[in-house]
Number of protein chains: 2
Amino acid sequence: MRELTVQLGERSYPIYIGEGLLDQAAFYFDKHGIGKQSPLLIVTDEQVGRLYLDKLESGLRAAGYRTVSAVVPAGEQAKSLLQFEELITIALKAGLDRKSAIIALGGGVVGDLAGYAAAAYMRGIRFIQMPTTILAHDSSVGGKVAVNHPLAKNIIGAFHQPAMVLYDLETLRTLPPREVSSGLAEVVKHGLIRSAEFVAWIDENADKLRALDPEALGYALYFGCRVKAEIVSQDERENDLRAILNLGHTIGHALEAVGGYGELLHGEAIAIGMVGAARIGVELGAPREVYEVTKRVLAKCGLPVRLPAHFDTDAIMDAMRHDKKFKEGRMVFIVPTAIGDVVIDKNMSAERVRRIVEQLKEEEQAQ
Amino acid sequence: MRELTVQLGERSYPIYIGEGLLDQAAFYFDKHGIGKQSPLLIVTDEQVGRLYLDKLESGLRAAGYRTVSAVVPAGEQAKSLLQFEELITIALKAGLDRKSAIIALGGGVVGDLAGYAAAAYMRGIRFIQMPTTILAHDSSVGGKVAVNHPLAKNIIGAFHQPAMVLYDLETLRTLPPREVSSGLAEVVKHGLIRSAEFVAWIDENADKLRALDPEALGYALYFGCRVKAEIVSQDERENDLRAILNLGHTIGHALEAVGGYGELLHGEAIAIGMVGAARIGVELGAPREVYEVTKRVLAKCGLPVRLPAHFDTDAIMDAMRHDKKFKEGRMVFIVPTAIGDVVIDKNMSAERVRRIVEQLKEEEQAQ
Ligand SMILES: NC(=O)c1ccc[n+]([C@@H]2O[C@H](COP(=O)([O-])OP(=O)(O)OC[C@H]3O[C@@H](n4cnc5c(N)ncnc54)[C@H](O)[C@@H]3O)[C@@H](O)[C@H]2O)c1
Ligand SMILES: NC(=O)c1ccc[n+]([C@@H]2O[C@H](COP(=O)([O-])OP(=O)(O)OC[C@H]3O[C@@H](n4cnc5c(N)ncnc54)[C@H](O)[C@@H]3O)[C@@H](O)[C@H]2O)c1
Ligand SMILES: [Zn+2]
Ligand SMILES: [Zn+2]
């Protein structure tokens with residue numbers, strides 16, 4: 001079992017990473033002051049619910065907790081205002097009060113949706129993240145919660161830190177391989193922005209990670225969460241530093257949008273975005289190795305490093321213009337300067353990005 | 001012109017109260033760092049919009065601001081998730097970014113709705129309150145923003161402090177008399193919880209207030225805002241002290257609900273609620289004067305102090321059970337102990353409240 005703390009003053013909270021935590025949820029809830037008088041709402045999706053909801057609910061009930069559950073459809077479309085309203089309705093009908101908590105059992109979709117419901121219900125009640133995807137090592141830490149609007153992703157949201165993150169590695173065994181790789185993209189990202197050593201370790205251990213080797217995976221998720229936690233501690237509301245977590249995301253978000261949020265998974269899109277960012281880094285003076293290592297490590301994790309040719313460059317640039325990071329004709333862009341280091345460029349030329357997007361279609365597949 | 005500051009560390013903000021502020025909005029925006037590069041969204045309702053939107057918009061545009069406006073229906077039903085979503089759509093289409101602000105031009109409905117949109121859009125952008133009702137001297141200060149759910153009022157919300165409150169007293173001249181009285185209920189409330197002297201002053205000046213005498217009204221709104229600001233400064237998120245602002249609201253909210261949010265205005269409902277609370281205070285040992293003064297001052301302000309006989313007591317008690325302030329069979333209730341002083345009773349018996357509600361139907365009309 002690994003443990004760490006997100007340091008945020010009175011909003012600090014623990015992250016537990018280990019095997020069998022689903023069974024022990026009641027113990028950790030109790031330890032961190034989640035009382036048994038007020039009902040808990042467990043939010044999950046159809047897929048994760050089928051696999052793990054009974055286990056979690058029966059453990060909690062056996063320990064004396066009252067629980068009610070909401071099962072949303074699997075996939076990004078559940079991050080909607082409609083589902084949000086539905087959760088509020090269920091919370092009201094179940095009599096959730098200010099001492100209740102909402103529990104997110106699932107990937108980033110469930111975490112973002114349930115978290116936003118917890119942020120809004122009675123102007124904010126407690127919220128517990130129980131991530132079941134690798135990607136969610138990123139999304140469950142840091143308190144960004146949101147739902148989508150038909151015109152823009154994550155545009156309706158809040159900063160609402162969880163009371164606790166309980167990460168049961170056993171649940172990851174049922175993850176489809178493509179989701180495993182997608183999640184590893186954010187692990188690689190955390191290395192690329194903060195630790196050359198960790199990137200070298202992934203380079204060595206990518207096969208173990210893809211095979212979900214418990215020891216390797218536990219370490220990788222611990223390290224990823226730690227990087228995220230440190231950055232969030234320093235800049236909770238993304239006034240500045242926290243923006244470095246967007247490495248690969250400016251291009252990545254646009255690719256997701258142009259692909260209709262179906263063709264590319266989030267991690268796949270940002271993998272391509274990170275290759276693009278590395279290329280720009282090298283153009284601007286970073287050692288060529290930044291680009292080579294980025295591409296190699298991502299490919300080893302089973303991620304795409306080239307943009308499928310049918311993606312329309314104009315459409316991609318257009319999607320960037322609608323992204324939150326776009327301001328007054330130029331854009332904010334996270335640029336690698338070395339493996340383990342990046343800078344925030346607040347004045348990146350759209351022209352340069354456009355050229356790189358074009359080049360991404362001609363990348364050689366690494367490995 | 002009167003000015004005061006809500007002290008909340010880095011979230012502190014000014015309140016300006018005076019005549020002609022609608023015309024000078026651009027000056028104050030500029031003074032407080034609202035830039036001209038990013039578009040502003042003005043939210044108002046049909047009634048207020050007809051009277052004041054052009055004036056505000058043309059002043060801002062003349063000063064170089066880009067503005068877009070959203071006009072919602074007048075009345076409580078505009079505080080819905082549907083209208084909220086509509087505002088987000090308008091904000092997106094108009095290209096609002098992180099440096100934009102949303103401006104609430106109207107009463108508490110517009111303030112709560114626009115404020116919640118500002119809290120959610122991109123996880124929170126700036127928001128400016130331009131109250132046009134007397135009631136909104138209360139709702140525009142303190143950062144509570146929310147929309148309603150069909151099953152419960154204000155259940156979907158946030159704490160999101162405005163960047164500024166700009167209170168143009170001239171706009172109050174068009175307020176219907178019933179709305180004037182309703183707003184005065186919250187002014188009286190601020191006196192009852194904090195200042196016997198101010199209550200005595202209202203007792204003397206109620207006629208001037210109802211006639212919208214600029215000097216009297218300016219002083220009353222200044223004093224009301226000051227009480228509210230002081231309490232919010234000490235307990236922004238209603239962990240404890242802030243609850244005293246709910247004087248009269250436990251019964252009042254239930255009356256609004258049972259009356260279908262149409263029969264009684266908010267201030268009317270809480271006026272009756274404050275008479276009930278005063279009665280309970282006296283039962284529990286406060287001087288009888290607490291009850292008499294409360295009733296007299298409210299009546300002088302043109303407010304009801306008796307519950308219409310057709311209100312069903314069971315329905316009222318039921319509505320209280322759904323209120324956020326109800327916990328485990330007992331209820332939290334604000335009890336006056338003297339004029340200008342109240343205590344938070346976290347263990348009020350529902351039986352006692354029920355008896356008082358019954359008695360409220362038999363009150364003599366004061367004056
Ligand atoms: N809040 C943040 O800081 C943040 C950061 C990154 C990403 N996100 C958000 O996270 C979302 C993506 O998260 P995600 O990749 O976890 O997607 P997801 O939640 O949709 O999960 C991916 C798929 O895997 C299934 N699944 C989840 N756990 C499983 C398990 N243990 N076994 C079998 N199947 C399982 C799900 O049902 C789903 O079909 C996006 O909406 C993104 O915007 C948020
Ligand atoms: N956020 C808070 O802390 C807080 C506190 C108290 C009340 N509230 C909320 O405030 C709302 C009630 O506010 P309200 O009483 O201002 O209601 P309101 O906003 O509905 O205004 C009342 C009516 O007066 C009209 N009006 C407003 N200004 C006018 C003007 N200058 N001239 C002519 N007509 C005008 C409006 O169109 C409306 O029909 C409720 O939803 C309540 O929940 C919030
Ligand atoms: Zn991401
Ligand atoms: Zn009120």
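Residues numbered from 1 in each chain as written. Chains lettered and ligands numbered in written order. Predicted model: local features only at pLDDT ≥ 70, side-chain atom pairs only at ≥ 80, totals over all residues. Heavy atoms only, no water.

## Let's talk about the interface of chain B and chain A
Taken together, the contact between chain B and chain A spans 32 residues of the former and 32 residues of the latter. Remark: the boundary between chain B and chain A carries zero salt bridges. There are 11 residue pairs in polar contact (both at pLDDT 80 or more) connecting chain B and chain A. Contributing elements (two or more residues each) for the side of chain B that touches chain A: helix H3 (81-93), helix H4 (108-120), strand E7 (144-149) and strand E8 (152-159) of chain B. (Contact = heavy atoms within 4.5 Å. Salt bridge = Lys/Arg side-chain N within 4 Å of Asp/Glu carboxyl O. Polar contact = N/O pair within 3.5 Å; in protein donor to acceptor, adjacent residues only side chain to side chain. Helix = DSSP H or I, 4+ residues; strand = E, 2+ residues; numbered from the N terminus.)

## Some words on the relation of the copies chain B and chain A
The two copies are related by a screw motion: chain B maps onto chain A through a turn of 180° and a shift of 0.0 Å along the axis, at an RMSD of 0.0 Å. Here the transformation between the copies is reduced to the relation of a two-fold axis. Of the residues that chain B buries at the interface, 97% are likewise interface residues in chain A, meaning the two copies contact each other through the same surface. (Least-squares fit on C-alpha atoms with pLDDT ≥ 70 in both.)

## A closer look at the site of ligand 1
Residues and elements named next belong to chain A. Inspection of the region around ligand 1 gives 26 residues, with Asp45, Glu76, Thr132, Thr133 and Thr174 positioned closest. In this structure, an oxygen atom belonging to ligand 1 sits 2.7 Å away from a side-chain N or O atom of Asp45. Here Asp112 contributes a side-chain N or O atom positioned 2.9 Å from a nitrogen atom of ligand 1. With the chains in place, 91% of the 860 Å² that ligand 1 exposes on its own is no longer accessible. Breaking the shell around ligand 1 down by element, the ones donating at least two residues are helix H2 (46-62), helix H4 (108-120), helix H5 (136-139) and strand E8 (152-159). Looking at which element gives the most residues to the shell around ligand 1, the answer is H2, with four residues. A class-by-class count of the residues in the shell around ligand 1 yields eight nonpolar, nine polar and nine charged. (Near = heavy atom within 4 Å. Areas by Shrake-Rupley, 256 points an atom, 1.4 Å probe, with all protein chains shown as cover. Nonpolar A, V, L, I, M, F, W, Y, C, P; charged D, E, K, R; others polar.)

## Quick look at the side chain of Ser38(B)
Residue and element names in this part refer to chain B. You can see Ser38 is positioned in the loop between helix H1 (25-31) and strand E3 (40-45). With relative accessibility at 3%, the residue Ser38 sits in the buried group. A polar side-chain atom of Ser38 sits 2.8 Å from a polar atom in the side chain of Asp97. Every residue in contact with Ser38, bar those within four places of it in the chain, is listed here: Arg66, Asp97, Lys99 and Ser100. (Buried < 20%, exposed > 50% of the residue type's maximum accessible area, 1.4 Å probe, protein only.)

## A closer look at the coordination of the zinc ion (ligand 3)
Residues and elements named next belong to chain A. Protein-derived coordination of the zinc ion (ligand 3) comes from Glu186 (OE), His249 (NE2) and His266 (NE2), at a distance range of 1.9 to 2.1 Å. Positions of the donor residues of the zinc ion (ligand 3) along the chain correspond to the pattern E-x62-H-x16-H. Within this pair, whereas Glu186 is found in helix H6 (residues 177-194), its partner His266 is found in helix H10 (residues 266-283), the two being separated by 80 residues in sequence. (Donors = N, O, S within 2.8 Å, 3.2 Å for Na, K, Ca; no water.)

## Quick look at the sheet that holds strand E5 (residues 101-106) of chain A
All names here are of chain A. Reading across from one edge, E1-E2-E9-E6-E5-E3-E4 is the order of the seven strands in this open sheet, with mixed pairing throughout. With partners counted over all chains shown, the strands left at the sheet margins are strand E1 (2-6) and strand E4 (67-72), one partner each. Within this sheet the neighbouring strands show an average axis-to-axis angle of 15°, counted without direction. Both E5 and strand E6 (residues 126-131) contribute to a ladder of six bridges, which runs parallel. In the strand pairing of E6, Ala104 is matched with Gln129. In the packing of H4 onto the sheet, contacts are made with strand E3 (40-45), E4, E5 and E6, and the angle to E5 comes to roughly 170°. (Pairing = 2+ DSSP bridges. Axes fitted to C-alpha atoms, helices over the stretch in contact; angles between N-to-C directions.)

## A closer look at the pattern of salt bridges
Residues and elements named next belong to chain A. Here the structure, examined in full by the defined rule, presents 53 salt bridges over all chains. The shortest N-O distance in the salt bridge between Glu76 and Lys153 comes to 3.3 Å. Of the two residues, Glu76 sits in the loop between E4 and helix H3 (81-93) while Lys153 sits in strand E8, which places them 77 residues apart along the sequence. Classification of Glu76 as partly exposed rests on a relative accessible area of 23%. Lys153 sits in the buried class, given a relative accessible area of 18%. Linked by salt bridges that have partners in common, Glu76, Lys79, Asp112, Lys153 and Glu256 make up one network.

## Things to note about the sheet that holds strand E9 (residues 164-168) of chain B
All names here are of chain B. Strand order across the open sheet formed by seven strands is E1-E2-E9-E6-E5-E3-E4, with mixed pairing between neighbours. For this open sheet the edge positions go to strand E1 (2-6) and strand E4 (67-72), each flanked by a neighbour on one side alone. Put simply, the sheet's adjacent strands are angled 15° from each other on average, direction ignored. In terms of strand pairing, E3 meets E4 through six bridges, oriented parallel. Residue Ile42 lies in a different strand from E4, and its bridge partner there is Ser69. Strands in contact with helix H2 (residues 46-62) are E3, E4, strand E5 (101-106) and strand E6 (126-131); relative to E3, the strand with the most contacts, it is inclined by about 155°.

## Brief notes about the site of ligand 2
Residues and elements named next belong to chain B. Taken together, 26 residues sit near ligand 2, with Asp45, Glu76, Gly108, Thr133 and Thr174 positioned nearest. A distance of 2.8 Å separates a nitrogen atom of ligand 2 from a polar backbone atom of Thr171. Within the complex, 90% of the 860 Å² of free accessible area of ligand 2 lies under protein. If you list the elements that add at least two residues to the shell around ligand 2, you get H2, H4, helix H5 (136-139) and E8. Here the element with the most residues in the shell around ligand 2 is H2; it accounts for four residues. Of the residues contributing to the shell around ligand 2, the split by class is eight nonpolar, nine polar and nine charged.

## Regarding the packing of aromatic side chains
Counting across every chain of the model gives 18 aromatic pairs over all chains. A centroid spacing of 6.0 Å and a plane angle of 55° characterise the contact between Tyr219(A) and Phe223(A), whose relative ring orientation is tilted. Taken as a pair, Tyr219(A) and Phe223(A) lie in helix H8 (residues 214-234) at a separation of four residues, close to a single helical turn. Judged by its relative accessible area of 11%, Phe223(A) falls in the buried class. Put simply, the rings of Phe198(A), Trp201(A), Tyr219(A) and Phe223(A) touch in pairs and so form one group of aromatic residues. Above the face of the Phe223(B) ring, Arg226(B) is positioned so that its terminal group lies 5.0 Å from the ring centre. (Phe/Tyr/Trp six-rings, centres within 6.5 Å; stacked < 30°, edge-to-face > 60°. Lys NZ or Arg CZ within 6 Å of the ring centre and 35° of its normal.)

## Section: the confidence of the model for chain A
Averaged over every residue, the pLDDT of chain A is 95; residues scoring 70 or more account for 97%. Model confidence for the complex: the whole-complex pTM is 0.95, and ipTM, which rates the interface, is 0.93. (pLDDT = per-residue confidence, 0-100.)

## Description of helix H12 (residues 313-321) of chain A
Buried within H12(A) we find Thr313(A), Ile316(A), Met317(A), Ala319(A) and Met320(A). Axial view of H12(A): buried residues confined to an arc of 160°, hence all on one face. (Arc of directions from axis to C-beta.)

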